[in-house]
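# Fold and contact review
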Amino acid sequence: MALFDTIRAGASGSADAYEIQNSVRINSGAYLSSSLNGDGRTFTVSMWIKRGRLDTHTMIMSAAGGNHPGGADIHQFGIDSSNRLFAFAYENSVSQKYSVKCNALMADCSNWYHILYNYDTTQSTSSNRIRLYINGELQTDLADNSYPSSNANNYINDGYPWVIGHESRRFRYPFHGYFADLYFLDGQYLDPSSFGETKNGVFIPKEYTGSYSGTSFYLQFQTASNFGTDTSGEGNNWSTSSFSNSNGINGDQFTDVPTNNHCTWQNHFRSHGDTLTLRNSLVRREGSADKCLGTFLLKNNKYYFEYQAEDNNGNHIPGVTQADTDVRSRDNTEAAFYASNGEYKIEGGSQSSGMSTYGSGDIIGVAIDTTISPAKVWFAKNNTWQLSGDPANGNNGFTLTAGKEYVFNADHGSGSSSTTGTGFFGAHQGGFNYTPPTGFVAACAANLPTPPILDGRKHFHTLFYTGNGSSSHAITGLDFSPDWVEIKGRSGTNSWAIFDTVRGATKRLGNSGSGVGTDAESTVAASLKSFDSNGFTFGNENGNNNGESYVAWCWNAGTSTVTNTDGSISAQVRANPTCGFSIVSYTGNGASSATIGHGLGVTPKAFVVKSRSQSRGWNNYHHIMGNTKYIQWNQNHQAVTNSEWWNNTSPTSSVFTVGTDNDVNDSSQNYIAYVFAEVDGYSKFGKYVGNGNSNGTYVFTGFRPAYVLIKSYQDATEHWNIPVDTDFNNGVTKTLSLNLNNAERDMSGGDAMDFYSNGFKIRNNDNNYSNNSADFIYYAFARNPFKHSNAR
């Protein structure tokens, strides 16, 4: 079986000129070693890493000197068991020399991080003696901040045993994952701009053009016969231990790189109580868990992957599954799979026989075409497509559910015993075991569709500010002039304040009552006084109280407001079809089936309607609930079935429909609507099922979220919750609720959620986020699409 070499592409799948060719996989037992002796007082380390295991103490680089009773005197650079980057040393028995640890979490295993470590004890300012950067950003929020003394040597680069991928003396704390583009610059103190640049808000690699001298080295991991070959020209090669140079399942050279991220198994997608173990840097699965999913949404292309069974257990069931699958259940009605006993099942259909049986060593090919609707899937055993399937010509495929998104899966078909198997996603040295069908490609960043929005901050952004009580406080920091602004005090118990450009400055909603309230629009001259080119100006009213912390979520609805006559009611509409958002002002007519134009040109997934003239609720339509139900922002009730809201009619590409209820269509009363269509890589309006556990549901969005609003629409007690993301890192701890005036608060059971480069994960067992078996709807907006994103 010849391995097939997959096509490589530029940064995160883009066409940037600089491309990294290879990475090296480091698992338990593998490491690189040296005893180089250079400038132990000044150096810079730069590298890209993709993690393969979380929540364990992990060593990136360390060096050891003399022994003390507990082991070696040692200087360490790594990631601790709480997923925080650190630099640490102890010497002279038990005397700690320094400890610098970041609060930012590095808990995303689906993409790449850039990390940079400066060590320079000649610096007069102690905090400059160690600087840690993540994705080009200097880390100043530190859990530990004790620094080395002036001119203190580091065992790294000082002639002592020096190891990459392990602790250097007792070989504990192995790294699990991938390294790429590893630089060490002897005697130099460089910032990340020497190794990367920021484009569209994302730090990406660039070629280092500086000098090398002394013990400097550059490891590109291109020479498979010796991964420790220095390509800097200085000849500072490293010894390697326990690496495999072979192609295929055991090889440690990969084309999964920062300039073309590849699919692996999703470390964060776990069933509650499962026994799944992911090994070999997230390509091998072991155990009896029922859910094991890939990291990539398989969007708008023809994708191929392989699964190699590594035992004769009869419970292998590789294939594809719906991305919003219920993690609590072993119900396979959302999966299409090929079982090792020759049976197959296509989602809700019956389990059928007719395919070849397979066992240890056999390779199952899975091909899915998502360029068509509904998508189709095919299965092969050792390159023989089953049941006369012909994916290259589109013949004899299995039809999947229309409107669903899919990921690769390698599930376990029983509640007992275990299976072991490896996924080939095209990044192993040599690529796949067999040539993919014509037109089918690997699930990697290069092969994802080009997203229409590369930087979500051009259309949505969050501003954090502190009120100063002045009569004119300019709040800036946007790349656009905002058209819809939601403001809430983070530290106080003030009500919400909501403004938009269609109604105009000073026209406030949410002025009193609980949360966003039900009050009619009011004119408040000292509130939001103007919408500015890069923010807004606020007066000395609530929204600018002196010393109070605020958050403002801001959306871009385009450049002009026009009269829209697409519906039976003429409306004033400000629309931004690029990001799928419009603001619609209309006057009700009391008719049983009134239609209003929204200006987006595609069918909306969600919208909210609020009366401007009367004290009425904030009425939500969400496609998950359907056109017979509504739910209100101002209450914590469950969804209500009533045809008087949307007249049992779904929106179209030109209009949405309202019924006769006074909340949405009272005759001669004025209304405002905020309307949302989904844009790939920028916004998503979906659902998930809570599992009642702090190891909560993972939700695929296809982007790194910047804003998420969730509500259990089946629950009459839980709130509308927004995790407050203040630092663009994993571990969002605080929550605000649209239907409450509370200051931001911690949820019981842990962080509210983690934001990752391809979605979000619930991280607490509070019913507001994780009520077991409850269906939650969500609104989500992106920082960056997954194709063009770093790990976070």
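This text gives an overview of the structure that appears in the document. What you see is a predicted model, and the numbers here were worked out from it, not measured in a lab. Numbers given for residues are sequential positions, taken from 1 along each chain in its written order. Local features in this predicted model are restricted to residues of pLDDT 70 or higher, and side-chain atom pairs are both shown and tallied only at a pLDDT of 80 or more, whereas totals for entire chains, interfaces and linings draw on every residue. Side-chain measures were taken over the full set of non-hydrogen atoms in the model, leaving aside hydrogen atoms and water.

## Focus on the overall build of the protein
Threshold: The numbering of helices and of strands both runs from the N terminus, where a helix is a DSSP run of H or I of at least 4 residues and a strand a run of E of at least 2. Accessible area is worked out with a 1.4 Å probe on protein chains only. A residue is then buried under 20% of its type maximum, exposed over 50%, and partly exposed in between. Whether two residues touch is decided by their heavy atoms; if any such pair falls within 4.5 Å, the residues are in contact. Areas reported as accessible are Shrake-Rupley estimates using a 1.4 Å probe. Residue values count occlusion only from the protein chains shown. Here the positive residues are Lys and Arg and the negative ones are Asp and Glu; neither His nor the chain ends is included. For the purpose of locating charges, the reference atoms are NZ of Lys, CZ of Arg, CG of Asp and CD of Glu.
Looking only at helices and strands, one finds three helices and 58 strands in the protein. Based on the C-alpha atoms only, the size of the protein along its principal axes is roughly 80 × 75 × 45 Å. For the protein, the proportion of its 792 residues judged to be buried stands at 63%. For the protein, long-range pairs separated by at least 24 residues make up 68% of all intrachain contacts whose partners lie at least 6 apart in sequence. Accessible surface, the protein: about 24500 Å² in total, of which carbon and sulfur atoms supply 40%. For the protein, the distance from the average site of its 54 positive side-chain charges to the average site of its 68 negative ones is 2 Å.

## Focus: the sheet that holds strand 38 (residues 535–538)
Basically, it comes down to this: For two strands to be treated as a pair, DSSP must find no fewer than two bridges joining them. Each axis is a line fitted through C-alpha atoms, and for a helix only the stretch in contact is used; angles between axes span 0 to 180 degrees, taken between their N-to-C directions.
On the basis of which strands lie adjacent, the open sheet formed by three strands has the order 32-38-37 and antiparallel pairing. With one partner strand each, in any of the chains shown, strand 32 (473–476) and strand 37 (528–532) form the two edges of the open sheet. If you compare each strand with its neighbour and ignore which way they point, the axes differ by 20 degrees on average. Direction of pairing for strand 37 relative to strand 38: antiparallel, over a ladder of four bridges. Across the sheet, residue serine 530 finds its bridge partner in strand 38, namely threonine 537.

## Focus: the pattern of salt bridges
Our working rule: The rule for a salt bridge is simple: a side-chain nitrogen of Lys or Arg has to be within 4 Å of a carboxyl oxygen of Asp or Glu.
Scanning all chains against the criterion turns up 23 salt bridges. Close ionic contact of lysine 101 with aspartate 80 constitutes a salt bridge, the shortest N to O distance being 3.0 Å. Placement of the pair is lysine 101 in strand 7 (residues 95–105) and aspartate 80 in the loop between strand 5 (71–79) and strand 6 (84–91), with a sequence separation of 21 residues. Ionic pairing is found between arginine 279 and glutamate 286, a salt bridge with its closest N-O pair at 2.8 Å. Taken together, the shared-partner salt bridges in this structure form one network comprising Lys299, Glu405, Asp680 and Lys684.

## Some details on the side chain of glutamate 306
Keep this limit in mind: Polar contacts here mean pairs of N or O atoms no more than 3.5 Å apart (in protein, one a potential hydrogen donor and the other a potential acceptor; neighbouring residues in sequence count only if both atoms are side-chain atoms).
Inspection of the secondary structure puts glutamate 306 in strand 21 (residues 302–309). Buried charge without a partner: glutamate 306 forms no salt bridge, and the closest opposite charge is arginine 25, 13 Å away. A distance of 2.8 Å separates the side chain of glutamate 306 from the side chain of asparagine 433, its partner in a polar contact. In terms of polar contacts, glutamate 306 uses its side chain to reach the backbone amide nitrogen of tyrosine 434, at 3.1 Å.

## Side note on the sheet that holds strand 57 (residues 759–762)
Read across the sheet, three strands follow the order 51-57-56 without closing on themselves; strand pairing throughout is antiparallel. Every other strand in the sheet has two partners, leaving strand 51 (698–700) and strand 56 (753–756) as the edge strands with one partner each. Averaged over all pairs of adjacent strands, the angle between strand axes in this sheet comes to 15 degrees, irrespective of strand direction. Pairing geometry for strand 56 and strand 57, over four bridges, is antiparallel. The partner of aspartate 754 across the bridge, within strand 57, is lysine 761.

## Quick look at the side chain of aspartate 252
Turning to its location among the elements, aspartate 252 is positioned in the loop between strand 17 (239–241) and strand 18 (253–254). A relative accessible area of 7% means that aspartate 252 is categorised as buried. A polar side-chain atom of aspartate 252 sits 2.8 Å from the main-chain amide nitrogen of serine 244. Leave out the neighbours within four places in its chain, and aspartate 252 touches Ser23, Val24, Arg25, Asn27, Phe227, Ser242, Phe243 and Ser244.

## Here we look at the nonpolar core
Where a protein is soluble and globular, its nonpolar side chains tend to be buried together. Convention followed: Think of a nonpolar core as a cluster: buried Ala, Val, Leu, Ile, Met, Phe, Trp, Tyr and Cys residues, connected wherever their side-chain atoms sit within 4.5 Å.
The biggest cluster of nonpolar side chains holds 65 residues, and the ones touching the most others in it are Val320, Ile368, Val377, Leu400 and Phe408. Elements that contribute at least two residues to this core include exactly strand 13 (177–186), strand 21, strand 23 (335–338), strand 24 (344–346), strand 25 (363–369), strand 26 (376–381), strand 29 (406–412) and strand 51. In contact with valine 377, other than residues within four places in its own chain, are Val320, Ala336, Val366, Ala367, Ile368, Gly397, Phe398 and Leu400.

## Details of the packing of aromatic side chains
To be explicit about the condition: For Phe, Tyr and Trp, where Trp contributes only its six-membered ring, two rings pair if their centres lie within 6.5 Å, and the inter-plane angle classes them as stacked under 30 degrees, edge-to-face over 60, or tilted in between.
If you walk through the whole model with that rule in mind, you get 70 aromatic pairs. Taking the centre distance of 5.0 Å and the plane angle of 75 degrees together, the rings of tryptophan 162 and tryptophan 238 count as edge-to-face. Taken together, the positions of tryptophan 162 in strand 12 (residues 162–164) and tryptophan 238 in the loop between strand 16 (217–219) and strand 17 put the pair 76 residues apart, joining distant regions of the chain. Judged on exposure class, the residue tryptophan 162 and its partner tryptophan 238 are both buried. Measuring from centroid to centroid gives 5.9 Å for tryptophan 496 and tryptophan 553, while their planes differ by 20 degrees, and the two rings are stacked. Of this pair, tryptophan 496 sits in the loop between strand 33 (484–489) and strand 34 (497–500) while tryptophan 553 sits in strand 39 (residues 549–555); the two residues are 57 residues apart in sequence, bridging distant segments of the chain. Comparing tryptophan 496 with tryptophan 553, the two get one shared label, buried.

## A word on unusual backbone geometry
Residue proline 374 is reached from serine 373 by a cis peptide bond, and omega for that bond is 0 degrees. Turning to its location among the elements, proline 374 is positioned in the loop between strand 25 and strand 26. A positive phi angle, near 65 degrees, is found at aspartate 55, a position not held by glycine. Aspartate 55 gets classed as exposed once you look at its relative accessible area, which sits at 52%. One non-glycine residue, tyrosine 173, lies in positive phi territory at about 55 degrees. Among the structural elements, tyrosine 173 can be located in the loop between strand 12 and strand 13.

## Considering the pairing of strand 48 (residues 655–658)
The alternating pattern of strand 48 places Val655 and Thr657 on one face and Phe656 and Val658 on the opposite face, and all of these are buried. Here strand 43 (residues 594–597) pairs with strand 48 via four bridges, running antiparallel. Residue pairing across strands places isoleucine 596 opposite phenylalanine 656, the latter belonging to strand 48.

## Points about the pairing of strand 56
The two faces of strand 56 match: Met753 and Phe755 on one face and Asp754 and Tyr756 on the other face are all buried. What sits between strand 56 and strand 57 in their antiparallel hairpin is a turn of two residues.

## Some details on the environment of glycine 348
Checked against the element boundaries, glycine 348 lands in the loop between strand 24 and strand 25. Separated by 235 residues in the primary sequence, glycine 348 and tyrosine 113 place their C-alpha atoms 39 Å from one another.

## Digging into the state of the cysteines
Keep this limit in mind: Cysteine sulfur pairs qualify as disulfides if the two atoms are within 2.5 Å.
Here the structure, examined in full by the defined rule, presents zero disulfides. Left without a disulfide partner, cysteine 102 is nearest to the cysteine sulfur of cysteine 109, which lies 17 Å away. Cysteine 554 supplies the cysteine sulfur nearest to cysteine 579, a cysteine that is in no disulfide, at a spacing of 13 Å. We classify cysteine 579 as buried; its relative accessible area is 2%.

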